[in-house]
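# Analysis of the macromolecular model
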Amino acid sequence: MQITYICMMRFKLFFLVVFIAFKSFATHNRAGYISYKYNSHTGGYTFRIYTYTNPTSYSADKCEQTLLFMNPGNAGHVVDSLRCVRINSDQLSLDLHMQTPPLADCGTSDGHSIPGEGQILLYPYTLPNLNQYGGVKLNIYEGEHAPFPGSGDFIVGMVDPNLDRDIQNIGNGNGSSQDVAFALLDTIHLSNGAGAINNTPLVTNPPIDNACYHQTFCYNPGMIDSDNDSLSYSLTNFLTGDGHGNFFIPSQGTFIPAGISVNPVTGQLCWTATNGNFSDQAHGEYEIDITIKEYRKNPIDGTRFEVGSMIFAIQLLVEDCPSNATINITPPATACIIAGNPYVSQAITAIKPTSNSVISLTASGTPINGTHIGPNASFSFTGGISSATGQLSWTPSCQAVSLNPYYVTIQGSDNNTPANTNYTTLTLQVISPPVKNFTDSVKGDSIKLQWQAPIACSANQYNKINSYLIYRAAGCVSYTPNTCQTGVPASSGYVLIGTIASTTANPVFYDGNNGLGLPPGNSYSYLVVAKFDDGSLSAPQTNGPGDCITLHFGVPIITNVSVDTTDAVAGSIQVKWKKPILGSLNFDTTKAGNGGPYYFSLHKQDASGTYTTTLYNSALKTYFSQLKTQADTMFIDTLIDTQNRSHTYKVYFYANGSNKGSSAPASSIFASGVGHDKKVALSWTSHTPWIDTLYYIYRQNYTNAGYTLIDSTRNTTDTIKNLTNNYNYCFKILSVGTYNNPNIISPLFNFSQKVCVRPIDDVPPCQPKLKIAGDCDAAINKLTWANPNHACGINDVLKYYIYYTPREDSALVKIDSVLNVNDTTYSTNVNTESIAGCYVVVAVDSAGNQSALNNESCTDNCPIYELPNIFTPNGDNTNDLYIPVKNRFIQSVDFVMYNRWGEIVYEANDPKLGWDGKSKQMKQPVPDGVYFYTCTYYEIHYYGLKEYKLKGFVQILK
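Rules behind the numbers
- Residues numbered from 1 in each chain as written.
- Predicted model: local features only at pLDDT ≥ 70, side-chain atom pairs only at ≥ 80, totals over all residues.
- Heavy atoms only, no water.
- Helix = DSSP H or I, 4+ residues; strand = E, 2+ residues; numbered from the N terminus.
- Buried < 20%, exposed > 50% of the residue type's maximum accessible area, 1.4 Å probe, protein only.
- Contact = heavy atoms within 4.5 Å.
- Areas by Shrake-Rupley, 256 points an atom, 1.4 Å probe, with all protein chains shown as cover.
- Pairing = 2+ DSSP bridges.
- Axes fitted to C-alpha atoms, helices over the stretch in contact; angles between N-to-C directions.
- Polar contact = N/O pair within 3.5 Å; in protein donor to acceptor, adjacent residues only side chain to side chain.
- 1 Å grid on protein atoms, 1.4 Å probe; cavity = no way out; pocket = protein on both sides within 12 Å on 5 of 7 lines; lining within 4 Å.
- Points joined across faces, edges and corners; volume = space filled by probe spheres on them.
- Salt bridge = Lys/Arg side-chain N within 4 Å of Asp/Glu carboxyl O.
- Disulfide = S-S within 2.5 Å.
- Patch = residues over 30% accessible without salt bridge, like charges linked within 9 Å, V, L, I, M, F, W, Y side chains within 5 Å.
- Core = buried A, V, L, I, M, F, W, Y, C linked by side-chain atoms within 4.5 Å.
- Phe/Tyr/Trp six-rings, centres within 6.5 Å; stacked < 30°, edge-to-face > 60°.

## So, the overall build of the chain
- Check the secondary structure of the chain and you find four helices and 64 strands.
- Residues counted as buried form 50% of the 958 residues belonging to the chain.
- Look at the contacts in the chain between residues 6 or more apart in sequence, and 67% of them connect residues 24 or more apart.
- Summed over all atoms, the accessible surface of the chain reaches about 43300 Å², with 52% contributed by carbon and sulfur.

Right under this line is the structure:
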């Protein structure tokens, strides 16, 4: 609490200084922005304020500025402040990392002309040039902020008087812009998935430029984001401030002139003719503001979130230029580069027609000026009279792999003063090459995969590999990725089966089918993709026809589990299998313990999930060659329940009295169905070692009749339509499967059990469209609606239910029924207390289905309460009681009548009143005269009670 108090005292002093400044300082601010950089040593942030000012008003350039910190949504509430000292002078060289200590001396000659933040390392500052851009000086203020407490979002702002004079789009260009304060804003988000680490993008092209009068103009800030966040650009209205944490749009100005637009991705700002002319453009200065937002991808769930934003205040000076002053630049195409491969861009040409000017080209952007991305790109050009040609060359290392593309801003300029410029943007996407040295090998019923990191990527420090994604396809699937494709698309036929963390330079992954083991006899293809910290993926390796692996044939392989008979007791299933194959890679009889005798044993899974039930044992064969010629590799399992369940089987192989392994388990197809209105939804399941590629649906139209093929699908669900409700239909599913192996017969055909389903009407009728007419005088509501049998094209609605709720906070309650479907009107009973409420009419069909209970139609009361100003309590039975003239839909009143001395003579809560003219205290008739009342009455409405107040007088005559 003490710290907060000290800060607030400092704010009061600052506000006083700002107030004085508004009155005393000269006009001078032209452009600027606020940047911040995370300090890994302290955990805090280094903030910089860049202001571009008119050098003719040196006295207005302060030695320090103050940053204000506010919570979003709480304008005017300053929670912290930071003193930022000017750090640049003609003798000082700065660096990008903002590590230079503040200067002790701050003279009026400090400051420089206009290099951008990203140019500081490349170009030394020069003395102010009073001609270029109308004369501009750069002032840089810096302050170090301690670590922010926990998470939270902050708006960071600065206010400095004043703007330059005669800015055309602020104050309507009449000189009043000098009375408007210059304000800058940033936002820093500490409450999202990025944590508290973010850096604003660096600027390579300062926010000052010249535009030629009534000629197309373009500008680009050439942003470099050290975090390689996605940047989004948009135009925004100019903001000013009052120094108290309040930022607002000035009352006068056309802040975004017609014809100005900004590319939301590249940041290219252009001023072009609107409807063939520059109607909003005049000579002079313009203040154009861009909001730049930073977005980062969450590597966990892939969502993007905003990590920061900044207002980039640009000043354009519109001047007369020679005709055809526009420099035309050929836009380079978007390029994709695989890390480690050299890239040379197409020729980028800048041409200025009918000109003797010398044209030059410059390039800026993260590939050229960035850090932490390995070797930088280089840009070279050949300039000359009227044209220049340049090319960008880059061999990015794996350090440059990024989810987001890089942007290189190309600027073409002539040698005029002021210079004519134009910009274009080169978009470069750097992706990782595939993993290298991939191998696979069979390990029992698993497959062992090994590989190494993509070349030169394992040592990444900036964007590290954090995991590998393993994809599998059934069979020998050839796959060649598209150029610069990353990851594995679903259309490839590969499925993601596992992810492992990047903990070693030589990763290993065992595909054991999630502990179930891979079925023998199958072939598989694999792809591995590296995933980086920012969510980017490497390219997958190329798979040819032979890049697959086949599990051994040293055990039996089940090929069929097909239902022959459907019955709850006397059902039957046919099981078939293939014998083991002799050979060193399959079953090797030369190994110890692999000698005869040999036999098969068929087992069925019981309710506990084990295979203790033995259905069949083949005859012993002394030699493997005898087993090979044995024909009995089929068994029919009879007297079982195939109507209500599926059955799963395994075939074991024995040699020399010991179990040498078993087939993978295989189950029968089990189908089920649900009846709906004139249709049946079928679904089925099976667990087989082979791959089912197609399913045929057969229907039996009559009992004991044959089956007809009616449909086919690659899914395990299907809907059979155009059926008759309450009629019993029976179906069978035939699967078509394969092992994708030439040594195993293909295709494999297997039937499900017979499943019978009855379609039923389970679709509710459409809801009647209700209209309501309330009659306040008669205190009745009339409901009318359309018959759904006519409105919705159905024919089975039988009756209606009426639902009602009198108040907004009460539930709908059924109040009545209308039993004649052709009767589509309903009147509520007379209720003198209220007609307010909501109604719903529900249609009910012959199957008992009801339409939805929603889309209420409502009406409200029209209350009225009027009191007379005279009554005669003289016992003549005429006007003897003081009662309301009008009283409708009033719940209660607080009525008090006073005599002329302020004494209460009558009180009531009942809106009917009924005063007989007698005094409350004396119980005697009050004398003739004028009496005064106050009345609070409460109207009954659907949304609740509404209070009104009345005051008036009553004259009593007898």
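## Section: the sheet that holds strand β52 (residues 780–785)
- Read across the sheet, three strands follow the order β51-β52-β55 without closing on themselves; strand pairing throughout is antiparallel. Of all the strands in the sheet, the pair left with one neighbour each is β51 (770–775) and β55 (825–827). Neighbour to neighbour, the strand axes of the sheet diverge by 15° on average, direction disregarded.
- Pairing of β51 with β52, which is carried by six bridges, proceeds in the antiparallel orientation. Residue pairing across strands places L770 opposite W785, the latter belonging to β52.

## A closer look at the side chain of N899
- By the element assignment, N899 lies in the loop between β61 (890–898) and β62 (904–908).
- Here N899 falls in the buried class, since its relative accessible area comes to 10%.
- A distance of 2.9 Å separates the side chain of N899 from the backbone nitrogen of W901, its partner in a polar contact.
- In this structure N899 touches V905 and Y931, once residues within four positions along its chain are discounted.

## Quick look at empty space enclosed by the protein
- Tallied over the entire structure, the rule returns two cavities of 30 Å³ or more.
- Estimates place the volume of the largest cavity at around 90 Å³.
- Lining the largest cavity are N210, A211, C212, T216, F217, C218, A325, T326, I327, N420, T421 and N422.
- Of the volumes computed, that of the second largest cavity is approximately 30 Å³.

## So, the pattern of salt bridges
- In this structure the tally under the stated criterion is 16 salt bridges.
- Taking the shortest distance from any N to any O, the salt bridge between K137 and D61 comes out at 2.5 Å. A residue pair is termed long-range when its members are at least 10 positions apart, and K137 in strand β5 (residues 137–145) and D61 in the loop between β2 (45–53) and β3 (64–70) qualify at 76 residues. In terms of burial, K137 and D61 fall into one category: buried.
- The closest approach of N and O atoms between R165 and D166, which form a salt bridge, is 3.6 Å.
- A residue is classified by how much of its surface remains accessible, and D166, at 32% relative accessible area, is partly exposed.
- Each of R30, D164 and E285 takes part in a single network of salt bridges with overlapping partners.

## With respect to the state of the cysteines
- A complete count under the given rule lists six disulfides for this structure.
- One disulfide in the model links C218 with C270; its S-S distance is 2.1 Å. One disulfide, between C218 and C270, carries an S-S torsion of 105° and so falls in the right-handed class. Of the two residues, C218 sits in strand β10 (residues 217–219) while C270 sits in strand β16 (residues 269–271), which places them 52 residues apart along the sequence.
- Under the relative-accessibility criterion, C218 is labelled buried at 10%.
- Overall, the relative accessible area of 16% leaves C270 in the buried class.
- The disulfide that involves C838 links it to C858, with 1.8 Å between the sulfurs. Between C838 and C858, the S-S dihedral sits near 105°, and the bridge is therefore right-handed. With C838 in strand β56 (residues 837–845) and C858 in strand β57 (residues 857–859), this pair connects stretches of sequence that are 20 residues apart.
- Judged by relative accessible area, C838 falls into the buried class, the value being 1%.

## Some remarks on a nonpolar patch on the surface
- There is a patch of nonpolar side chains on the surface, built from V930, F932 and F953 and spanning about 260 Å² of accessible area.
- Looking at where F953 falls in the secondary structure, it is placed in strand β64 (residues 944–956).

## Examining the sheet that holds strand β28 (residues 436–443)
- The antiparallel open sheet is built from three strands, whose spatial order is β28-β29-β32. Strands with a single pairing partner mark the edges of an open sheet, and in this sheet they are β28 and β32 (508–511). Going across the sheet, the axis of each strand differs from the next one's by a mean of 20°, ignoring polarity.

## A few points about the nonpolar core
- If you look at the biggest cluster of nonpolar residues, it comprises 46 residues, and the most contacted ones within it are L392, W394, L428, W451 and Y468.
- A total of five residues in this core trace back to one element, the largest contributor, which is strand β33 (residues 523–532).
- One finds I140, Y219, F278 and M310 within the second-largest nonpolar core, a separate group that totals 31 residues.

## A word on unusual backbone geometry
- Between G596 and the following residue, P597, the backbone shows a cis peptide bond with an omega angle of 0°.
- The step from S746 to P747 runs through a cis peptide bond, and the omega angle for that step is 0°.
- Phi is positive for S386, close to 75°, though the residue is something other than glycine.
- Mapped onto the elements of the fold, S386 is located in the loop between β24 (378–385) and β25 (387–394).
- For S386, a relative accessible area of 19% gives the class buried.

## Some remarks on the packing of aromatic side chains
- Inspection of every chain in the model, using the stated rule, returns 40 aromatic pairs.
- Summarising the aromatic geometry, the rings of Y598 and F653 are spaced 6.1 Å apart at their centres and angled 10° between planes, so their arrangement reads as stacked. With Y598 in strand β37 (residues 598–604) and F653 in strand β40 (residues 648–655), this pair connects stretches of sequence that are 55 residues apart. Residues Y598 and F653 agree in their burial class; the two are buried.
- Measuring from ring centre to ring centre gives 5.5 Å for F895 and Y933, while their planes differ by 25°; the resulting arrangement is stacked. Linking F895 in strand β61 with Y933 in strand β63 (residues 929–941), this pair joins segments that are 38 residues apart in sequence.
- Classification of F895 by relative accessible area gives buried; the value is 1%.
- Assessed through its relative accessible area of 9%, Y933 is described here as buried.

## Some remarks on the environment of M70
- Along the polypeptide, M70 turns up in strand β3.
- In the structure, M70 is positioned 85 residues away from I155 in sequence and 5.0 Å away in space, judged by C-alpha atoms.

## Overview of the environment of I465
- Here I465 shows up in strand β30 (residues 465–474).
- I465 gets classed as buried once you look at its relative accessible area, which sits at 10%.
- Between the C-alpha atoms of I465 and S536, which are 71 residues apart in sequence, the distance is 9.3 Å.
- Those residues in contact with I465 that sit more than four places away from it in its chain are A453, P454, C457, S502, A530, K531 and F532.

## Here's the deal with the environment of L798
- Inspection of the secondary structure puts L798 in strand β53 (residues 797–805).
- The exposure class assigned to L798 is partly exposed, which follows from its relative accessible area of 48%.
- Taking C-alpha positions, L798 is 5.3 Å from V821, a pair spaced 23 residues apart along the chain.
- Sequence-distant contacts of L798, defined by excluding residues within four places in its chain, comprise L819, N820, V821, V844, D845 and S846.

## Observations concerning the side chain of S492
- With respect to the secondary-structure elements, S492 resides in the loop between β30 and β31 (495–501).
- In terms of polar contacts, S492 uses its side chain to reach the backbone amide nitrogen of Y494, at 3.2 Å.
- Once you skip the residues sitting within four places of it in the chain, S492 turns out to touch V477 and Y479.

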